[in-house]
Amino acid sequence: DSGPDKDTTVDMAERAADIQASATADWNPLGEIYVKRYSNYELDWGINLADYLVAMSPFAGPLALMPKQRQTSMKSEITIYTLAGKKISTITWEGGRVIELGWTLSENLVCVLEDGSMIIYDIFGQFLYSRIIQREIQTSRVQECKFFSYTDKDKVFGGFAVMTCNTEFYIIVDIDKGKDEVRIKKLAALPDASSKPGCWAPLCKESTSVIVTVEDRVYLLSHLDATLYEINCGKKSATCWMEVAVSLNGKAVALIDREGYMWAGTTDFKSSDTEFDLQLKQKVARVQMQWGEMDYFVLVIDRIMFVKGLGKHWCKYPMNGPCCLLAEVDGVRILTNTACEFIHRVSTKSLNVLRIGVMEPGALLNDAYKEYEGDESHKADEFVRFIKDKLSIAVSQCIEAAGEEFVPKVQKSLLKSANFGKGFLGSEIQPDLVNAFVETCRELRVLNSVRLSKIGIPITLRQYRRLSSGVFVDRLIYHGLYHLALEICEFLKIPPSEGTVKVLRNWALKKVQDKSMSDAEVAQKIKKKLKDANVVVSYGEIARAAMDAKRLTLAADLLRNEIFAQDQVPLLLEMDSDSTALEKAVESGDPKLIHQVLRQLKLKLTTERYYQMLHFRPVAAALYCKVLKETDQEQLLRLYRQESLFVESGCMYFAQSFTARDTDIRKQRLFDAQKEFRDAQDIFATKAIEEHAKLTTEVVKLGLKETATLSEAVIWCVKNRQPRQAEQLRKDFKMTDHQYWWAMIRGLCDIGDYAELDRFSKQKKPPIGFEAFAEVCITHDNYREAAKYIPKAAFENRYHLYLRIQDYSKAADAAFQTRNIGGLDEVAIKAARTPEIVDLVRQMKAKLEGR
Amino acid sequence: MAAAGHLSGGRLNLTLLREAARDELKAVLGDERQKKVIVWDESLIKPVGLIAEVPFLKQLGVYKMVRLPVSNLTEAYPEANEYLFFTKAKVSMVEQIVQSIRESTARKQQTAKKFTVVFVPYATQHCIDKFEEYKMTNGLKLPTFEFAITEYRLETLPLDSDVISLDLSTAFTDLYLQSDPTVVHQAARAIGKLQAVFGLYPKIVGKGKYAKDVGTILSRMHTEMMANPGFAQSLKELTPQIDMVVLLDRTVDLLTPLCTQLTYEGLIDELYGITYGASKFPRETFSEDVQNVRKGDPPTPGPLTVPLTSEEEVFGKLRDFNFRKVGKYLSSEAKKIKEIYDERKKAETVSDLKQFVQKLPHIQATKLSLSRHTTIAELIKNTTDRDDFLGMLHAEQCLREEDNSDKVLDYTEKCMGMGEPVSKILRLMCMQSVANGGLKPRLMEQYKREILQSYGYQHLISLCNLEKAGLLRLQEGKPTFPLLRRQLRLIPEQIDELNPKDISYVFSGYAPLSVRLVETLEQSGYQAFEECFARDLTFQITQDNSSSPAQAQRKKRLPTSDRPQVVLVFFLGGCTYAEISALRFLSEKEDAVTEYIVGTTHIINGQAMVDSVLSETPLFVPTHLWNSLGDEPVPKVTASDRGSL
């Protein structure tokens, strides 16, 4: 979009001027403003609209045609087209009489039947749902139905209203949400119920109501009440309103009577902007009327189209045949037998640059560029110098003007002017301006591509921006224009999560429905496409769609590619791939997921099968065990046994034998534990439990508490002067020599029977050495007794024991004899306050070191 | 943010983690205009307290906090709109909560009351099921009763400027006793989540079964993260701040945690226990200014809680010293302070005086610190001088240094004979087993018999569980430890605890195997790390992020001591303070090119580790600390005794 082309400059100048001249040629003045009628597509479809029910949808959406039914039960067809007249789908109709067709905001087709039912299809003619609107309507029948959409600021809202044969009005909204979410509101009754309404239209403001006229009277029917409005109009003779139109934002209303007298004003009917009399010569049967923006509306009467501005201004266009009108946010769409057109007010953005004689900076910049191209660079320079201070505005105006245009050549020409101006701004250019330029270029490229007649979406930039790129991409997806959507996402740099991923996801979801290809082919195609796009789309979701379409092999194939275990595992469970589900859950390492699978499997499988499943999966088994440990110990024991984990079950029973309250249960548990250890072939443990049982009996007999240990029992015996008992315990329980001696010594020291201790020490050579005697005496603070045993202890241990009983000179001596210098140092530190010892140690060390 | 000043000192700004956790808490608590009551699962008060102090909670609309179990909740605090229960996912806790809510709702309510259960860090399905048994489903809305279940994903607690913990106090037994994969997943998630703050890890290296599992999940998560284009993009834009993650399974080195730690912080943990960066000491042993009471005031009851973080300058220095160096350091610092005070006397001009006054607050704080740590050091010394303590150290040393040492048998039997705590005996037994690659069958049986006879037959369960956890086993094949001892120079020829040249100073002559492995990786590369042992359980993952320019740039330059690389060493199954100190020693070496950050499932020591395995043993009451308070009267340290260390 930048830089001059390489053609000769003279040609260029002519072309630029020509191109732009063509852009303003069809401007038609309407008071202060201009209107422009532009034909988007020539239609060559051989349709006479007069014979059809026609439904167009806003934002350049699809249109539906159905032959007008003369009889109730005639076979018929509904055909859905793009605005370029390309057939999208056909619905064979065998139902009742259709009163009206219309579109929801999500571009679903609604058929409202005389019998009070509504049927919803998507644009491909797929049946979505049907329902009775309301029981009462079934009996009263639908007489008329009008669709409405409301667009204001950031709110978009739509639905339809029906009038029954007994002149009751209903508002129906939230159709896209599904059969049971549809909301229906009955409005207050019309006070003049007996007389026939002249015309009516839904009105959306804070709530949706209906404007109804009866002869010259105007009523507003809301949910609660009916209000009669006095219209203060200039025409004194009785008026019989025959058509009413409400603007998309619900703020303006226009009325017209049979003689062509018009009144337009606010929807509270308090102030009027326009009163005008067309002074028609004869009464007309039908008038079509739609608001453009707030300052003009379009009427079609017979073969003439009037565009009515505010005040007295109007202009007219000839119409060659029947037509249909639809209000858009920025104009009115006109469908005729031969063309799809758009009539709109020329926006200020265009006027600023393109109106002849305008002195706005944008226009001057545009002129400058024309001169520059025509090799009149000195003139160009002059122009540019003239608008030097307003160059930014000029550039911005040119960009904005380009956005208004349908013809790519004109867009390009204006963008070139903008680019030309940009060059003069150099590095001082505001980033916003650069963004606006780039953004507009991108948007126009996108719009141009969807405006091509093969796509048939003649959306304007203003409509597109109103929709937002996200919603726009959604629409393309909905139309099955995946390829285009994908390109646009990339081109507009829409973040993948809102763009590419969404498109591919929908594409894949659609693809699995495609029965013309084999499972393998579909899987192959999906995998390739997703891989090429280098984005991650949830295979789990696609697999689920395949499963819903009863293509299990395909589902399984796709599911293998899912990288998120939490998306994969639940589906595997549903597909009864239990073992794979558990495997994948374990692989993921996510305990929550493993638990989830285990819960499902537990419900699904027999206990036996369930345990088998756990058998090969230690991780899952461990998790399950942990749960059981807290919740169901009996079950856990069963599992341990099943898995031949006898040591585990043995330990558990054994633990229970300590904690159980009931004595019988304790005994039983002990017995059980022993059996488990036997099964584990753990001879040591089996015997230990036997001994434990025996010991418990013994200690209780002795009057000790149940939990006393063998050592404690022996010590108790010694303390209570029952040496024979102690000896017996030792024999019965094969107590080790070591522990027995320690117990004896401790027992004797505890009761201070040092004479007995002395005798005991002399019985035979103590297996634990005499150190033990000294040691225990020391812990009983009896250094005198301890001193008796130290000389009998091993040489190397003596100094240390002497130290502990604070006999430093002997300690020093002992250390000296074993040539323990470190020991001597230790003595010196401990005896620091006794100079003689320190001295002694020093001499000893000298002796030792001297050698 | 003053409360978290100690987190920002390191190369990696861990306050970011704290900030993220605070934001998440804010989101959990919601609208700050709602008056809220928080009901705590007691075990969460401290960890959440590290993230959010009381004034912060007040700002978020919390006006009252109570702990479980609680009764008459709505009656006691009728003005609150919302009652939040913060709890770990435990069925017993759920039952208490249900009871409390049902009791509240049984009464007629005037206004709608909202009850929210916040599981920290995760809910488990069967806790949710438990609520559903009582018809309490998430999102339930009745006219006078609303109920919701949510999670507060507080996974990583920054304990200090270079230490993060997952605070999974049962991680060791969960992993090695129950083989519960939950811990693995939680660790992987937490480590993975850090990437959102510190960027993608270019490299992940690990050793050990569970380390490998974590590695697998991390690469899986990497694929998943990259699948989210938005997230992938933001990750790519982050400059990686961590160059490598080293995952170590605790079973790679079970010996180290069984050894008694000899660093200052390690000893405090061994003797008094450190929880969430604080420890309790007998109050009366501290001087009055440390106790923060005025002279003559009645003594405050209960032990004194001393915060132990790098925020305190003196402790930041002392914590990693071998205990032998602590006394020297304290007295030299005390001397310096004294000199400064002396200078004041010499100060003649006004500006001299002014200078001094400016320094005064800092000096006073240092003085207080010195006094506090002198007392703690005295307390520790009382224990480390004890014969039983020294005997134990000697036994440990024999086990580490000699093959199949039977010398220890006598010592162990003596301890049993004297009726010392069973966990001490078991710790020694385990150490003997681990060092020698198992115990010979005869020895094993003898030990077992003696344990059962001296401590009761219920310890059959203890022994089974220790075997299951791999801490105790029968010898088979060639033991690996003696081999590694030589290969990795675990026992140095010389040891200088005062001016250490090697990490072995932390155990006065034993270089912790785990840290030596990390050192090997740094100095000799991955291949050497792989070949040490457990080759098949060693792995390396590179997370390709080449499209990121920041990454590419980083790749080019080699780490230097000016611009060191940052390595996160993560211990699965717990690590000790001594190991943290050893890693810090490596970071602080003069020519260090690596700065280590330590991550762990939780902080452990030998006794805590053994005790946790014994938790299923009936009648067992842990007495695991040498000096748990009130164990024995601690001699009062008088002022005149100070400085004699």
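So, how was this worked out
Residues numbered from 1 in each chain as written. Chains lettered and ligands numbered in written order. Predicted model: local features only at pLDDT ≥ 70, side-chain atom pairs only at ≥ 80, totals over all residues. Heavy atoms only, no water. Helix = DSSP H or I, 4+ residues; strand = E, 2+ residues; numbered from the N terminus. Rg over C-alpha atoms; globule rule 2.2 N^0.38 Å. Buried < 20%, exposed > 50% of the residue type's maximum accessible area, 1.4 Å probe, protein only. Contact = heavy atoms within 4.5 Å. Areas by Shrake-Rupley, 256 points an atom, 1.4 Å probe, with all protein chains shown as cover. Lys, Arg positive; Asp, Glu negative; His and termini not counted. Charge placed at Lys NZ, Arg CZ, Asp CG, Glu CD. Pairing = 2+ DSSP bridges. Axes fitted to C-alpha atoms, helices over the stretch in contact; angles between N-to-C directions. Salt bridge = Lys/Arg side-chain N within 4 Å of Asp/Glu carboxyl O. Phe/Tyr/Trp six-rings, centres within 6.5 Å; stacked < 30°, edge-to-face > 60°. Buried area = accessible area lost by both parts, 1.4 Å probe. Nonpolar A, V, L, I, M, F, W, Y, C, P; charged D, E, K, R; others polar. Expected span 1.5 Å × (residues − 1). pLDDT = per-residue confidence, 0-100. Core = buried A, V, L, I, M, F, W, Y, C linked by side-chain atoms within 4.5 Å.

A tally of helices and strands in chain B yields 26 helices and 15 strands. At 26 Å, chain B has a C-alpha radius of gyration in line with the 26 Å of a compact globule built from 645 residues. Split into buried and exposed, the 645 residues of chain B put 56% on the buried side. Excluding contacts between residues fewer than 6 apart, the proportion of contacts in chain B whose partners are at least 24 apart in sequence is 79%. Total accessible area on chain B is roughly 27200 Å²; 51% of this is exposed by carbon and sulfur atoms. One finds the centroid of the 79 positive side-chain charges in chain B at a distance of 3 Å from the centroid of its 84 negative side-chain charges.

Turning to the overall build of chain A, a few remarks are in order. Scanning chain A from terminus to terminus reveals 34 helices and 29 strands. Principal-axis analysis of the C-alpha atoms places the extent of chain A at approximately 145 × 80 × 60 Å. Counting across all 851 residues of chain A, residues that qualify as buried make up 52%. Looking at chain A alone, contacts between residues at least 24 apart form 51% of all its contacts between residues at least 6 apart. If you sum the accessible surface of chain A, you get close to 40500 Å²; carbon and sulfur atoms cover 49% of it. The positive charge centre, built from 117 side chains, and the negative charge centre, built from 117, are 5 Å apart in chain A.

Further remarks concern the sheet that holds strand β17 (residues 217-221) of chain A. Adjacent strands of a sheet pair through backbone hydrogen bonds, lying either parallel or antiparallel. Residue and element names in this part refer to chain A. An order of β15-β16-β17-β18 is seen for the four strands of this open sheet, with the pairing classed as antiparallel. Because the sheet does not close on itself, it has two edges, and the strands there are β15 (199-204) and β18 (226-229). Neighbour to neighbour, the strand axes of the sheet diverge by 25° on average, direction disregarded. Both β15 and strand β16 (residues 208-214) contribute to a ladder of six bridges, which runs antiparallel. Of the residues in β16, the one forming a bridge with A201 is I211.

Another aspect to go through is the sheet that holds strand β8 (residues 163-165) of chain B. Residues and elements named next belong to chain B. Overall, mixed pairing links the seven strands, which are arranged β7-β8-β15-β14-β10-β9-β13 in an open sheet. Looking at which strands have only one partner, the edges of the open sheet turn out to be β7 (157-160) and β13 (538-542). Neighbour-to-neighbour, the strand axes of this sheet turn through a mean angle of 20°, independent of strand direction. Summarising the sheet, β7 and β8 pair through three bridges and their orientation is antiparallel. By the bridge assignment, L157 is partnered in β8 with S165. Each of β8, β14 (565-572) and β15 (594-600) touches helix α25 (residues 577-588); the most contacted strand, β15, lies at about 165° to it.

All names here are of chain A. For E643, the position within the fold is in the loop between α21 (633-642) and α22 (646-659). It is R617 that comes nearest to the buried, bridge-free E643 among opposite-charge side chains, at 10 Å. For E643, the contacting residues outside a window of four places in its chain are Y611 and H615.

What follows concerns the packing of aromatic side chains. This structure, assessed with the given rule, holds 45 aromatic pairs over all chains. Considering the side-chain rings of F654 of chain A and F658 of chain A, the 5.1 Å spacing of their centres and the 70° angle between planes classify their relative orientation as edge-to-face. One end of the pair is F654 of chain A and the other is F658 of chain A, both in helix α22 and four residues apart, which spans about a single turn. Of the two residues, F654 of chain A and F658 of chain A, both sit in the buried class. Between the aromatic rings of F481 of chain B and Y510 of chain B, the centroid separation amounts to 6.5 Å while the plane-to-plane angle is 55°, which identifies the pairing as tilted. Separated by 29 residues along the polypeptide, F481 of chain B in helix α22 (residues 481-487) and Y510 of chain B in the loop between α22 and α23 (513-532) bring together distant segments of the chain.

Another point: the environment of F816 of chain A. Note that F816 of chain A resides in helix α32 (residues 808-817). Each C-alpha atom of the pair F816 of chain A and S761 of chain A lies 27 Å from the other, and the pair is 55 residues apart in sequence.

Attention now moves to the pattern of salt bridges. As enumerated under the stated definition, the model contains 90 salt bridges over all chains in all. For the salt bridge of R599 of chain A with D129 of chain B, the shortest nitrogen-to-oxygen distance reads 2.1 Å. Of this pair, R599 of chain A sits in helix α18 (residues 591-604) while D129 of chain B is found in helix α6 (residues 125-133), placing the two residues in two different chains. In this structure, E634 of chain A engages R669 of chain A in a salt bridge whose closest nitrogen and oxygen atoms are separated by 3.0 Å. Residue E634 of chain A is found in helix α21, and its partner R669 of chain A is found in helix α23 (residues 663-679); the two are separated by 35 residues along the sequence. Overall, the relative accessible area of 40% leaves E634 of chain A in the partly exposed class.

Residues and elements named next belong to chain A. Among the seven residues that make up strand β29 (residues 339-345), seven are buried, leaving the element largely enclosed by the rest of the structure. Going residue by residue along β29, you find A339, E341, I343 and R345 tucked away on one face and C340, F342 and H344 tucked away on the opposite face as well. Here strand β2 (residues 33-42) pairs with β29 via seven bridges, running antiparallel. Bridge pairing in β29 places E42 opposite A339. Summarising the sheet, strand β28 (residues 331-336) and β29 pair through four bridges and their orientation is antiparallel.

Taken residue by residue, the interface counts 52 residues in chain A and 46 residues in chain B. Summed over both sides, the interface of chain A with chain B buries roughly 4500 Å², with 61% coming from carbon and sulfur. For chain A, the biggest contributors to the area lost against chain B are K626, F684 and Q739 of chain A; these three give 14% of the whole. In terms of residue count, the dominant contributor to the side of chain A that touches chain B is helix α20 (residues 618-631) of chain A (eight residues). Looking at the side of chain A that touches chain B residue by residue, the class counts come to 26 nonpolar, 13 polar and 13 charged.

We now examine α23 of chain B. Between its first and last C-alpha atoms α23 of chain B spans 11 Å; for 20 residues at 1.5 Å apiece the expected length is 28 Å, and the helix comes up short by more than 12%. The first or second residue beyond α23 of chain B is A534 of chain B, which carries a positive phi of 45°.

Looking at chain A as a whole, the pLDDT averages 88, with 97% of positions reaching at least 70. Note that residues 1-10 of chain A has pLDDT below 50 and, in this model, 18 contacts with residues that lie over four places away or in other chains.

Here we come to unusual backbone geometry. Between L68 of chain B and the following residue, P69 of chain B, the backbone shows a cis peptide bond with an omega angle of -10°. Positionally, P69 of chain B belongs in the loop between β2 (62-67) and α4 (73-76). Put simply, V120 of chain B and P121 of chain B share a cis peptide bond, and its omega is -10°. Inspection of the secondary structure puts P121 of chain B in the loop between β4 (113-119) and α6. With phi around 60°, Q806 of chain A is a residue other than glycine that occupies positive phi space.

Looking now at the pairing of strand β8 (residues 109-113) of chain A. All names here are of chain A. In terms of burial, β8 is a largely internal element, five of the five residues being buried. What you see with β8 is no split at all: L109, C111 and L113 on one side and V110 and V112 on the other are buried throughout. The pairing of strand β7 (residues 98-103) with β8 spans five bridges and is antiparallel. Bridging across to β8, W103 finds its partner in L109. Linking β7 to β8, which pair antiparallel, is a turn of five residues; within it E107 sits at a positive phi near 65°.

So, on to the nonpolar core. If you look at the biggest cluster of nonpolar residues, it comprises 311 residues, and the most contacted ones within it are L335, I526 and L558 of chain A together with L247 and L471 of chain B. Non-local contacts of L471 of chain B, meaning those with residues more than four positions away in its chain, are made with F172, L254, L258, C430, S433, V434, L466, M609 and V613 of chain B. Core analysis: the next-biggest nonpolar cluster, separate from the first, contains 31 residues, V353, A401, A402 and F420 of chain A among them.

Take the environment of Y121 of chain A next. All names here are of chain A. On the secondary structure map, Y121 appears in strand β9 (residues 117-121). With a relative accessible area of 9%, Y121 lands in the buried category. Considering only alpha carbons, one finds Y121 and V110, eleven residues apart in sequence, at a separation of 6.7 Å. Setting aside chain neighbours within four positions, we find Y121 in contact with I91, W93, N108, L109, C111, Q126, F127 and L128.

Okay, the side chain of S222 of chain A next. Mapped onto the secondary structure, S222 of chain A falls in the loop between β17 and β18. Among residues more than four places away in sequence, those in contact with S222 of chain A are L187, A188 and S209 of chain A.

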